[in-house]
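Residues per chain, in single letters:
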Amino acid sequence: MADEASQASESPPIDAELLEILRCPVAVHYEGDDPGRLELVHNCWLVSHESGYKYPIRDGIPIMLVEVGEKYKDVAVEDLPVPPPADD
């Protein structure tokens, strides 16, 4: 448990500039000011509140495949596994 707590307080697993430009490949086509914007949650997931798709970050690499994001669409943010599963 101590390892999990220390990981949560660490710096984000991806660069802030990368997070700023990444967009959900599904929601980026939606209407609005900034469609597809992603939020970092649990320090290991990127969540699109517009589409509901959730993308894991593994070893510092966002897995932005639509089929992976769709797999977690119906999982509540608080129920996302930490760390994300190694296989999808």
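Residues numbered from 1 in each chain as written. Predicted model: local features only at pLDDT ≥ 70, side-chain atom pairs only at ≥ 80, totals over all residues. Heavy atoms only, no water.

A. Structural detail: the nonpolar core. In terms of nonpolar packing, the biggest core is built from 11 residues, these being Ile14, Leu22, Cys24, Val26, Ala27, Leu38, Leu46, Tyr53, Tyr55, Ile57 and Met64. If we skip the residues at most four places from it in the chain, Ala27 touches Pro35, Gly36, Ser48, Glu50 and Ser51. (Core = buried A, V, L, I, M, F, W, Y, C linked by side-chain atoms within 4.5 Å. Buried < 20%, exposed > 50% of the residue type's maximum accessible area, 1.4 Å probe, protein only. Contact = heavy atoms within 4.5 Å.)

B. Fine view of the sheet that holds strand β2 (residues 45–47). Within the open sheet, the 4 strands sit side by side as β1-β2-β3-β4. Their pairing is antiparallel. The open sheet has two edge strands with one neighbour each: β1 (39–41) and β4 (61–62). As defined by bridge partners, β1 adjoins β2 across 3 bridges and the pair is classed as antiparallel. The residue bridging Glu39 from the neighbouring strand is Val47, located in β2. (Pairing = 2+ DSSP bridges. Helix = DSSP H or I, 4+ residues; strand = E, 2+ residues; numbered from the N terminus.)

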